[in-house]
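# Descriptive analysis of the structure
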Amino acid sequence: MDQRKAPIYEALEELKSMRLVPFDVPGHKRGKGNKELTDFLGERCMTVDVNSMKLLDNLCHPISVIREAEELAAEAFGAAHAFFMVGGTTSSVQAMILSVLKAKDKIIMPRNVHRSAINALVLCGAIPVYINPQTNEQLGISLGMTVADVKAAILANPDAKAVFVNNPTYYGICSNLKEITKLAHEHGMKVLVDEAHGTHFYFGENMPVSAMAAGADFASASMHKSGGSLTQSSFLLCGKDVNANYVRQVINLTQTTSGSYLLLSSLDLSRRNLSQNGREIFEKVTMLAEYAREEINQIGDYYAYSRELINGDSIYDFDVTKLSVNTLGIGLAGIEVYNLLRDEYEIQIEFGDLGNLLAYISVGDTKKNIERLIGALSEIRRRYYLDKGRSGKGELQSHEYINPVVACSPQEAFYADKTSLTLEESIGGICCEFVMCYPPGIPILAPGEKITREIIDYITYSKEKGSSLTGPEDMEITRLNVMKGVR
Ligand SMILES: Cc1ncc(COP(=O)(O)O)c(C=O)c1O
């Protein structure tokens, strides 16, 4: 196929030249009916905010330009089929889970999954069999799954339908995806891969293996993260043994019938760009990230980690485009440095947790921006560590992973009769809701899990340090919904 083509974008260009009189939605009628919004977003943007029509195909049942764009995307990613998704990578993750699992089916997954994966289990009633990812105690991050742990889970649960893998984790850590895929397939299980942070694996050189290259059945690729498309756009990729027409039916259970052409054309153009220029783009990104790492490590007391962590198993590979920095050495939690950077240096970082920061480096960055970040980090170390004599790690907790005790399925707990208790009172109960720091959106507690003293201490500590906690019905996170009468 000709990867220089972008059928959705080309059809929108044609539409513009046609000057059709719109008696269809959206009601702003190419922006004319909402001057304020048009002034804000620009006429060019509003004129392509249109609905499905003959020329533009239909996302729910693509037969022309969207179908062609899907085929181009599939080829570019080495997939048998690609779906254009407009509900974020959340919708991609949920579609792959709902395509493979139904109520009471088991899925083997690491516990450090994004909330979208466990949300899907609430929706379909499947049962998670968690593999506890290994943890790097010094950094306070959870790692990948070891092949031995996956094998043990498969052998203990031969009836499981699927294995779910993060490729990579938010921090850039990859499991041995090829070997895990082989193992799962040998036992008749599908392999579902969350590649929210791995779109560039398909286009850059010397990157960790991508899900499609590893032979996985599904991958959810956040084009809007490292792929450069608009926020909320994503690709769901399918391998050769997947019935794509059934997957489409599953997607259509929850997907809008008014897919945004802003999002669709951004996916189309970004795929074209990556297929043409991806190698150079990610070479530049890698170079910037490597430079930043070197300079940050020279400041002292920070640790910007990389491939030296690779151990052949729980850290099988590392995504060098991720700039993950451990901050505990300067006596500040990652979230504290995150807040200082934003409040005092006008630098917005992707996220900070208790021990680490993640700066997202992309094609949009320049060396000048990187220098600014390095300068700010250096100054923060001087002000808060050297001048104030903070004594390094001190009493800081870096713990990012707590072994969950799963008492029942996420669906059972989510829909159970519940009672609202204070954090202290809730200890010993079964949680009916999620609690997580966002980002990264990995649940500290998920529905169906036992609430322990350790978890409540962790939540309290995260709140004290300024983490943004989300999930519970009580937005202040002072109370939790627990299953009524169950201890
Ligand atoms: C690992 C992972 N999976 C899935 C998602 C969901 O992506 P989106 O925000 O596009 O719905 C995220 C979002 O940050 C993520 O980090």
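Owing to the predicted nature of the structure, the values given are computational and were not obtained by experimental measurement. (Residues numbered from 1 in each chain as written. Predicted model: local features only at pLDDT ≥ 70, side-chain atom pairs only at ≥ 80, totals over all residues.)

## Comments concerning the site of the ligand
Taken together, 16 residues are adjacent to the ligand, and Gly-88, Thr-89, Thr-90, His-114 and Ala-196 come closest. Counting residues per element, the shell around the ligand draws most heavily on helix 5 (residues 88-100), which supplies 4 residues. Along the lines of polarity and charge, the residues of the shell around the ligand split into 5 nonpolar, 10 polar and 1 charged. (Near = placed C-beta within 6 Å. Helix = DSSP H or I, 4+ residues; strand = E, 2+ residues; numbered from the N terminus. Nonpolar A, V, L, I, M, F, W, Y, C, P; charged D, E, K, R; others polar.)

## With respect to the domain arrangement of the protein
In terms of domain boundaries, the protein breaks down into domain 1 (278-386) and domain 2 (410-483). Of note, the centres of domain 1 and domain 2, computed from C-alpha atoms alone, are 30 Å apart. Across the contact, 8 residues belong to domain 1 and 7 residues belong to domain 2. When grouped by side-chain class, the residues that make up the side of domain 1 that touches domain 2 number 4 nonpolar, 1 polar and 3 charged. (Domains from an automatic or database assignment. Contact = placed C-beta atoms within 7 Å.)

## A word on the pairing of strand 15 (residues 356-360)
Most of strand 15 is tucked away, with 4 of its 5 residues classed as buried. The sheet contact formed by strand 13 (residues 322-326) and strand 15 spans 5 bridges and is antiparallel. Along strand 15, the bridge assignment pairs Val-325 with Leu-357. Here strand 14 (residues 351-352) runs beside strand 15; their pairing, made up of 2 bridges, is antiparallel. Counted as the bridge partner of Gly-352 is Leu-357 from strand 15. The loop that links strand 14 with its antiparallel partner strand 15 comprises 3 residues. (Buried ≥ 20, exposed ≤ 12 C-beta atoms within 10 Å, placed from the backbone. Pairing = 2+ DSSP bridges.)

## Quick notes on the nonpolar core
Membership of the largest hydrophobic core comes to 143 residues, with the highest contact counts inside it found for Phe-77, Val-163, Phe-164, Phe-235 and Leu-237. Taken domain by domain, this core gets at least three of its residues from each of domain 1 (278-386) and domain 2 (410-483). (Core = buried A, V, L, I, M, F, W, Y, C linked by C-beta atoms within 7 Å.)

## Observations regarding the sheet that holds strand 14
The strand order across the open sheet formed by 4 strands is 11-13-15-14, and the pairing between neighbours is antiparallel. Strand pairing shows two members of the sheet lacking a second neighbour, strand 11 (303-304) and strand 14, which therefore form its edges.

## Some thoughts on the pairing of strand 10 (residues 234-238)
The buried count for strand 10 comes to 5 of 5 residues, which makes it a mostly enclosed element. Residues of strand 10 alternate between two faces, with Ser-234, Leu-236 and Cys-238 on one and Phe-235 and Leu-237 on the opposite face, all of them buried. Pairing geometry for strand 9 (residues 218-221) and strand 10, over 4 bridges, is antiparallel. Paired with Ser-220 across the bridge in strand 10 is Leu-236.

## Quick notes on the sheet that holds strand 18 (residues 443-445)
The strand order across the open sheet built from 3 strands is 18-17-19, with neighbouring strands paired in antiparallel fashion. Each having just a single partner strand, strand 18 and strand 19 (469-470) make up the two edges of the open sheet. With 2 bridges joining them, strand 17 (residues 435-437) and strand 18 adopt antiparallel strand pairing. Looking at strand 18, one finds that Met-436 is bridged to Pro-443. Its contacts with the sheet place helix 15 (residues 453-464) against strand 17, strand 18 and strand 19, and it is angled at close to 130° to strand 18. (Axes fitted to C-alpha atoms, helices over the stretch in contact; angles between N-to-C directions.)

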